[in-house]
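Structure assessment
Read off the chains here:
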Amino acid sequence: VMFFSTKIFRMAQLDDKSAQYATLGMGAVNVFMTLVSMVIVEKAGRKTLLLIGFAGMCVTTVLLTISLAYVQ
């Protein structure tokens, strides 16, 4: 997605200059959030964050299963 982001923004009806600025903005946000995540990982710990992620996926999977049971 990062490699083709300028083309994707052009397909979203942005002109060339705006598409390039949007790509630069997306890259800047990516770098910023990487730095933020490094701080969070150091403070919270990798194991804690891994367990929180697993718990979130488990809850989401259960909710999706319940939703699929009531679709029909």
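Analysis parameters
- Every chain's residues receive numbers from 1 upward, in the order its sequence appears when written.
- In view of the model being predicted, local features appear only for residues whose pLDDT reaches at least 70, and side-chain atom pairs are presented and counted only at 80 or more, with totals across whole chains, interfaces and linings using the full set of residues.
- As a rule here, side-chain values come from all non-hydrogen atoms in the structure, and water together with hydrogens is ignored.
- A pair is scored as a salt bridge if a Lys or Arg side-chain nitrogen falls within 4 Å of a carboxyl oxygen belonging to Asp or Glu.
- Three exposure classes are used, based on accessible area relative to the maximum for each residue type with a 1.4 Å probe and protein chains only: buried under 20%, partly exposed in between, and exposed over 50%.
- UniProt positions are given in the numbering used here, feature names are shortened, and annotations may be inferred rather than shown by experiment.
- Think of it this way: any DSSP run of H or I at least four residues long counts as a helix, any run of E at least two long counts as a strand, and we number them from the N terminus.

1. Quick word on the pattern of salt bridges
- On inspection of all chains with the given rule, the structure shows two salt bridges.
- With its nearest N and O atoms 2.9 Å apart, the salt bridge here joins Arg10 to Asp16.
- A residue is classified by how much of its surface remains accessible, and Arg10, at 39% relative accessible area, is partly exposed.
- For Asp16, a relative accessible area of 47% puts it in the partly exposed group.
- Measuring nitrogen to oxygen at the nearest pair gives 3.6 Å for the salt bridge that ties Glu42 to Arg46.
- Residue Glu42 is classed as exposed on the basis of its relative accessible area, which comes to 58%.

2. Some remarks on the UniProt feature "transmembrane region" (unreviewed entry) in the protein
- Those places that UniProt annotates as "transmembrane region" (unreviewed entry) correspond, in this numbering, to residues 20-41 and 48-71.
- Here residues 20-41 runs as 100% helix and 0% strand, with 31 Å between its end C-alpha atoms.
- Secondary structure across residues 48-71 comprises 92% helix and 0% strand; the distance between its end C-alpha atoms is 35 Å.

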